[in-house]
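An overview of the molecular structure
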2 protein chains.
Amino acid sequence: MADYRKMWEELGMDLETHDQLCEVLPQAFGDVYLSQENRPEGMDYYNMVVADIHGIRPAELIEHQKKGGKVFGTFCVYVPDEIVFAADAIATGLCGGSQFWVPGGEKVLPTNTCPLIKASVGARLDRTCPFFRIADMYVGETTCDGKKKAWEILGEDVPIHIMDLPQMKREKDIKAWAEEITTFKNVVEEFTGNQITAEKLGESIKLINEKRKALERLYELRKNEKLPISGRDVLLISQIAFYDDPKRFTKMTNALCDELDQRIKDGVSVISSGTKRILLTGTPLAIPNWKLHNIVETSGGVVVCEEMCTGTRYFEHLVDETRTEVAGQIEALAERYMNINCACFTPNTGRLDDILRLAKEYKADGIIDVNLKFCNLYDTEGYLVERGLKDAGIPVLGIETDYTDSDAQQLRTRVSAFIEMLNH
Amino acid sequence: MADYRKMWEELGMDLETHDQLCEVLPQAFGDVYLSQENRPEGMDYYNMVVADIHGIRPAELIEHQKKGGKVFGTFCVYVPDEIVFAADAIATGLCGGSQFWVPGGEKVLPTNTCPLIKASVGARLDRTCPFFRIADMYVGETTCDGKKKAWEILGEDVPIHIMDLPQMKREKDIKAWAEEITTFKNVVEEFTGNQITAEKLGESIKLINEKRKALERLYELRKNEKLPISGRDVLLISQIAFYDDPKRFTKMTNALCDELDQRIKDGVSVISSGTKRILLTGTPLAIPNWKLHNIVETSGGVVVCEEMCTGTRYFEHLVDETRTEVAGQIEALAERYMNINCACFTPNTGRLDDILRLAKEYKADGIIDVNLKFCNLYDTEGYLVERGLKDAGIPVLGIETDYTDSDAQQLRTRVSAFIEMLNH
């Protein structure tokens, strides 16, 4: 740990405040994760990653920078990592998932802003997260009001490039997104000094597709009645996917899936029969936000799928690998990314279709629609989503929460009652 | 009034609930407006318009429909009225400004949505506003999360066309807005059955420019130390500009300006010397939201300018009238509309420039930055705006409010203290 302290110091971090964060995380992780029984052995890797979350990966990123490489920090599943990796740079997710960072964000942002944005801004401005210090350039997008405006404040502290995501999904909007990706490519090329050739881009498309396939394989295993892995564990893997080395992550996740395949053959299950299968839908759960999964899985339920950015939205749909020229590859990227159904689009009817399909595939007994407080997009769309689910005869519970623990007891009561209701 | 009841009934309105609204408006108007001393005689016209706000103009719109004309309802100063009028249709603003409609909106929208959006949706769904019943087609835009998603709910009840406003202001975004205007033109042509020729569009560009010039002339008069008209009265005029017949509105506003010119010559002022000159900036004040103006103007201050949608954003910058072909006219429209500095853009530094310029031109003693609750865009930008104003040495008060009266006393205390402070 001594080495990391030196690293953090060199990153200009506020060590004293950061120490407080380092003190609480292991306890939280132990409570939510290590208390589980019968965890797959393959989870050891992710346990290690998260145990040294501010050490191991940051050290790798700094090593990369020492060799002249650049690091790009991102906040959204619409930003194509492929472009970054094709320029021999590294993309790392930056979304903050801890209440620890929220007060720092509230110094400059309205209280009525979603906790994910407040935590992200706070982590940067308070200098309490190495990833936020390391990233040479941030990549923002125009997905929601809160982020769109937060870039202006973050941009005073760090170089930021903003991608204008269209707000609709007509043919011309997909073309417009391809143009934004081209502009992003030019920015990345200039910033890194490396040219993004068709060969390089082809490689990075494969690299990220392989990561998607590993996650898809992992999720596929959750469709079994005998469940080889808990929802909490899969959430952790999904969260780590955003910042781990993609090649290693893919390898470790496939190795875990091998173990889970064996579990299926052996009839091993982490849940007792009768445990209610819950699909979560809504806003993303950035690391270390494990609150709702923990409540569900200690209240007679198990999370079998997340229709979320930290979930299916991250890995569904592959980028077409058959295009051989940069322009065509960028078209393929635009088509794949515009397939994601985020509430930032108007309309976004595809999302309800997704949820209905996933509920069937994952044999969900009930759905919890979870909204981060002050996310107007998902909150408003929740009205249509919950109505659609009721029309389809699927039990649904709507929940609004933030990063504090103050509503944990109330949430537990509501979730327990919902799961209890599913038994009748 | 009997005639109007029949009209409202034929519009499918909820008469009983609407009666409650009709009962409270005259009292509110009397308290805020008729209590003023030394009002210009030219305000009689606007008094009349607002006294029969749900009668006179709605009857005209229905008359227009009986002759086969169409009515388009709009919610944003970026939507070009010129296109609508060029097709012999009528555009009318629909933004709701009364708490009366808010609970109706909250039935389907999150409570954490700005009152303007909740009121607008409530006015439609509760059938308590004739304008919302009359409009044949609504025109939405992607300016903020709240509106973007509200269209999906409104769209289940009424035909709606949505314009995708770019979120940035690069050269290509102005081009993209021109494309959106072209699409809108096609929609309007098809819906009305009328072709929008260069001649017709040229006429409507002049028509709306004349309205802008009249408002500009009115505002210009507010730059005088001896103030010929109150802020409240100008706010009312700005609000009526959104739905009155543009030709008549221009004529009546110019007639009022003639009277105000004479007042200037005669040294007539509606304020006593020493009254503090306040510039308001922030979110729009839809009719009948007169709350803040009333508080300022009964607390030792006077509002001399509104850097708002109901203010300078509505009329500043004319559309170039020299273009003679439709494509060029649409380019000119895009250029003019993209000149508006709304917080929905990232970044939006032009707005601070506007405020600094206006503060100087209108000789403001202080600025009140007013934000409608849950408008994340203006709230976040407010951080940068207020910091910029402080840096420029201009006193600024930040206020957040909604349509209820519950904070009126607290607001009065804060505004009074601010104005008192300006005296020292």
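Residues numbered from 1 in each chain as written. Chains lettered and ligands numbered in written order. Predicted model: local features only at pLDDT ≥ 70, side-chain atom pairs only at ≥ 80, totals over all residues. Heavy atoms only, no water.

- Looking at an unreviewed UniProt entry, one finds chain A named 2-hydroxyacyl-CoA dehydratase, with Sporofaciens musculi as its source organism.
- Under the UniProt heading Sequence similarities (unreviewed entry), the entry covering chain A gives this text: "Belongs to the FldB/FldC dehydratase alpha/beta subunit family." (UniProt positions renumbered as here; feature names shortened; annotations may be inferred.)

1. Observations concerning the pattern of salt bridges
- Under the defined criterion, the tally for this structure stands at 78 salt bridges over all chains.
- Of the charged contacts, one joins Lys185(A) and Glu189(A) as a salt bridge, the two residues approaching to 3.5 Å between their closest N and O atoms. One end of the pair, Lys185(A), and the other, Glu189(A), are both in helix H10 (residues 171-192), four residues apart, so they sit about a helical turn from each other. The exposure classification of Lys185(A) matches that of Glu189(A), with both residues buried.
- Across the pair Arg5(B) and Asp19(B) runs a salt bridge, and its minimum N-O distance is 2.8 Å. Here Arg5(B), found in helix H1 (residues 2-10), pairs with Asp19(B), found in helix H2 (residues 15-34); they are 14 residues apart in sequence, far enough to count as distant.
- Salt bridges linked by common partners bring Lys149(A), Glu152(A), Glu307(B), Arg313(B), Arg351(B), Asp369(B) and Glu381(B) together as one network. (Salt bridge = Lys/Arg side-chain N within 4 Å of Asp/Glu carboxyl O. Helix = DSSP H or I, 4+ residues; strand = E, 2+ residues; numbered from the N terminus. Buried < 20%, exposed > 50% of the residue type's maximum accessible area, 1.4 Å probe, protein only.)

2. Points about the relation of the copies chain B and chain A
- Aligned on chain A, chain B shows an RMSD of 0.0 Å; the corresponding rotation is 180° and the shift along the axis is 0.0 Å. The superposition of one copy onto the other is thereby described by a two-fold rotation axis. Proximity to the rotation axis, assessed at the C-alpha, singles out Asp145(B) in chain B; its C-alpha lies 3.1 Å from the axis.
- In this assembly, 100% of the residues forming the interface of chain B have copies in chain A that are likewise at the interface, indicating an isologous arrangement. (Least-squares fit on C-alpha atoms with pLDDT ≥ 70 in both. Contact = heavy atoms within 4.5 Å.)

3. Overview of the sheet that holds strand E2 (residues 90-93) of chain B
All names here are of chain B.
- Read across the sheet, four strands follow the order E2-E1-E3-E4 without closing on themselves; strand pairing throughout is parallel. Each of the sheet's edge strands pairs with one partner strand only, and the pair in question is E2 and strand E4 (160-163). Averaged over all neighbouring strand pairs, the angle between strand axes comes to 25°, with direction disregarded.
- The sheet contact formed by strand E1 (residues 71-74) and strand E3 (residues 137-141) spans three bridges and is parallel. (Pairing = 2+ DSSP bridges. Axes fitted to C-alpha atoms, helices over the stretch in contact; angles between N-to-C directions.)

4. Comments concerning the pairing of strand E7 (residues 366-372) of chain A
Residues and elements named next belong to chain A.
- Of all seven residues in E7, seven are buried; the element is thus mostly enclosed.
- Side chains of E7 alternate between two faces, with Gly 366, Ile 368, Val 370 and Leu 372 and Ile 367, Asp 369 and Asn 371 buried alike.
- Two elements, strand E5 (residues 276-282) and E7, share five bridges in a ladder whose sense is parallel. Residue Ile 278 lies in a different strand from E7, and its bridge partner there is Gly 366.
- Where E7 lies against strand E8 (residues 396-401), six bridges are found, and the strand directions are parallel. Looking at E8, one finds that Asp 369 is bridged to Gly 398.
- Taking the sense of rotation as the criterion, the β-α-β connection linking E7, helix H18 (residues 376-391) and E8 turns out right-handed. (Right-handed = clockwise from strand over helix to strand, strands pointing away.)

5. Side note on H10(A)
- Taking 1.5 Å per residue as the helical rise, H10(A) with its 22 residues ought to reach 32 Å, and the 32 Å between its terminal C-alpha atoms agrees with that figure.
- Taken as a whole, H10(A) has its buried residues at Asp173(A), Trp177(A), Ala178(A), Glu180(A), Ile181(A), Phe184(A), Lys185(A), Val188(A), Glu189(A) and Thr192(A).
- For H10(A), the secondary structure elements touched by its buried residues are strand E1 (71-74), helix H5 (81-86), strand E3 (137-141), strand E4 (160-163) and helix H16 (326-337) of chain A together with helix H10 (171-192) of chain B.
- One or two residues past the end of H10(A) sits Gly193(A), with phi positive at roughly 75°. (Expected span 1.5 Å × (residues − 1).)

6. Some points on the sheet that holds E3(A)
Residues and elements named next belong to chain A.
- Across the sheet, which stays open at both edges, the four strands sit in the order E2-E1-E3-E4 with parallel pairing between neighbours. Edge positions in the open sheet fall to strand E2 (90-93) and E4, since each of these has one partner strand only. Strand after strand, the sheet turns through a mean of 25° between neighbouring axes, direction not considered.
- Relative to E2, E1 is paired through four bridges, and the arrangement is parallel. The residue of E2 that forms the bridge with Thr 74 is Gly 93.
- Seen against the sheet, helix H4 (residues 56-66) touches E1 and E2 and runs at an angle of roughly 150° to E2.
- Of the strands in this sheet, E3 and E4 are in contact with helix H9 (residues 145-154), which crosses E3 at around 155°.

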